[in-house]
Amino acid sequence: MVTIDQNFETKDQMIVDLGIKCLQEGFEYQTHRSTKDRYEALCVNDGCEWHFTARTYRPQDIVDDVNEKFGLNIGYATGWRARWNALSLIRGSHSESFTRLPTYLYNLEITNPGTRTAIKVDPSGRFEECFVALGVAIDTFLQNLRRVLIIDAAHLKGPYLGTMFLVVAMDGNNNIVPIAFGVAVPAGAQLMEEVGVDRWSRAHFPGIRYNIMTSNSAESINAMSRFARRLPIVGLIEYFRAFQQKWYFLRRAYADALQHPLTEWAQKKIWKRIRKSATWTVQGIGHNIWEVNDHRRDAKVDMSRGICDRRQWQMSGLPCGHAIAVAKAIDLRDVSQLVPVPYYKTDNYKATYSGLIYPVGPPNTWQSPEVPLRTVLPPIVKKRRVGRPSVNARRPSHGEGSSQRKCPRCNENGHKSDTCPLFPSSASGSSQRSTLEPHGTIVFDSLDQEIRFD
């Protein structure tokens, strides 16, 4: 139920709650304004005075409200500290959250069977690291996903220096699946050196990699969680638990509507290879062994063993163009039979999100074990940079250099578009880009869902 002066954790949650209220009370609304700091909605019926307004309470708003109500002129820094203290009262303080962490993880394991958690402290009992992997996510990875884990890290934005680690995998529809996450104060990069380069480097890994990119996926989740990394540690872990709960629910609803034997992403991949190999020639060699010419060089395909000497079929788990060309030559119409692994099958995709993730509940409902849990003290606060923690700025990785933006007009460094020496702006401020020749337009044809040879 949406009420006056109600607080929402996120904008998305606010919109969901507002939609539920409309369904329950039988009316419709339209969005009047939607920005990062403000959201306004009005009733669709003319003459109705119902309206909904929500906004982010910024430090400047506190300054203005104090001046209007009490006639006091406070500075922006005072307003910012007041907002920080108010958030601490709502969410709990960062230091107190470390002492509540063992009890929270204990209840997380109770409500979600199979969950694995761990806390590491220094000799004085101060927090160093913690690790969380939900039982549903563990079963999902072991039973239904390709055996490739993608690991990335992002800096925390609260008062304690540290790093949040994230482990994700990819499902059969090439969507991200969060598997585990953790926090280390300070960053524990030495772990990567201990396990060996062949366990985490794609270039040195000897096993099947399924042609998965091992960076962008985890970085996407890190970008999504940039605001959550300002929360106390219990709030941060709870954020990811709730995120996984929502993730599984939405993907489960999507998977239930699928009818094709293969996932949508696998269908599109195979369909592109069908069109690419339409003019390739096939010659027989022996029983189930064929030679395929793709107009560049020959490739040998063993259909009985599912092997192509170009190795794309074996490495990705999806039939390459050479295998598809042979399938067409021998009149094998159902290309899904050429998928030797179950990861891209729709049944496997549905099983991926069949598990349920349960909430832990409010702190007053948490259980305590018979044997008292260890006491975890907050880490020592180290001196941060002067100023407020950055919100959207991305810190470069170790050894990563800074990149310079190029002028969009001449594609050179050292100046912006409005000061470009080759294409100066006119006195009225209009752009001169109309003198440039267009590069053309790319039109993508729609892809058929059914992948069968005619």
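Residues numbered from 1 in each chain as written. Predicted model: local features only at pLDDT ≥ 70, side-chain atom pairs only at ≥ 80, totals over all residues. Heavy atoms only, no water.

Student: It is not clear to me how the sheet that holds strand 3 (residues 51-55) should be interpreted in this structure. Could you clarify?
Tutor: Where strands meet in a sheet, backbone hydrogen bonds hold them as pairs that are either parallel or antiparallel. Within the open sheet, the three strands sit side by side as 1-2-3. Their pairing is antiparallel. Only two strands of the sheet have a single partner each, and these edge strands are strand 1 (29-34) and strand 3. Strand-to-strand, the axes of this sheet are offset by a mean angle of 15 degrees, without reference to chain direction. Strand direction decides the pairing type here: strand 2 (residues 38-43) and strand 3, joined by five bridges, are antiparallel. Bridge assignment links Glu 40 to a residue of strand 3, and that residue is Thr 53. Those strands touched by helix 1 (residues 11-25) are strand 1, strand 2 and strand 3, and its axis lies near 10 degrees from that of strand 2. (Pairing = 2+ DSSP bridges. Helix = DSSP H or I, 4+ residues; strand = E, 2+ residues; numbered from the N terminus. Axes fitted to C-alpha atoms, helices over the stretch in contact; angles between N-to-C directions. Contact = heavy atoms within 4.5 Å.)

Student: It is not clear to me how the packing of aromatic side chains should be interpreted in this structure. Could you clarify?
Tutor: The geometry of an aromatic ring pair comes down to the distance between the two centres and the angle between the two planes. The tally for this structure, following the rule as stated, stands at 11 aromatic pairs. Note on Phe 181 and Phe 240: the rings are 5.1 Å apart at their centroids and 25 degrees apart in plane angle, and the pair reads as stacked. A residue pair is termed long-range when its members are at least 10 positions apart, and Phe 181 in strand 8 (residues 176-184) and Phe 240 in helix 9 (residues 233-256) qualify at 59 residues. Each member of the pair, Phe 181 as well as Phe 240, is classed as buried. Members of the aromatic cluster, each reached through a chain of ring pairs, are Tyr 248, Tyr 254, Tyr 349 and Tyr 353. In this structure, Arg 251 is placed above the aromatic ring of Trp 247, and the distance from its NZ or CZ to the ring centre is 4.5 Å. (Phe/Tyr/Trp six-rings, centres within 6.5 Å; stacked < 30°, edge-to-face > 60°. Buried < 20%, exposed > 50% of the residue type's maximum accessible area, 1.4 Å probe, protein only. Lys NZ or Arg CZ within 6 Å of the ring centre and 35° of its normal.)

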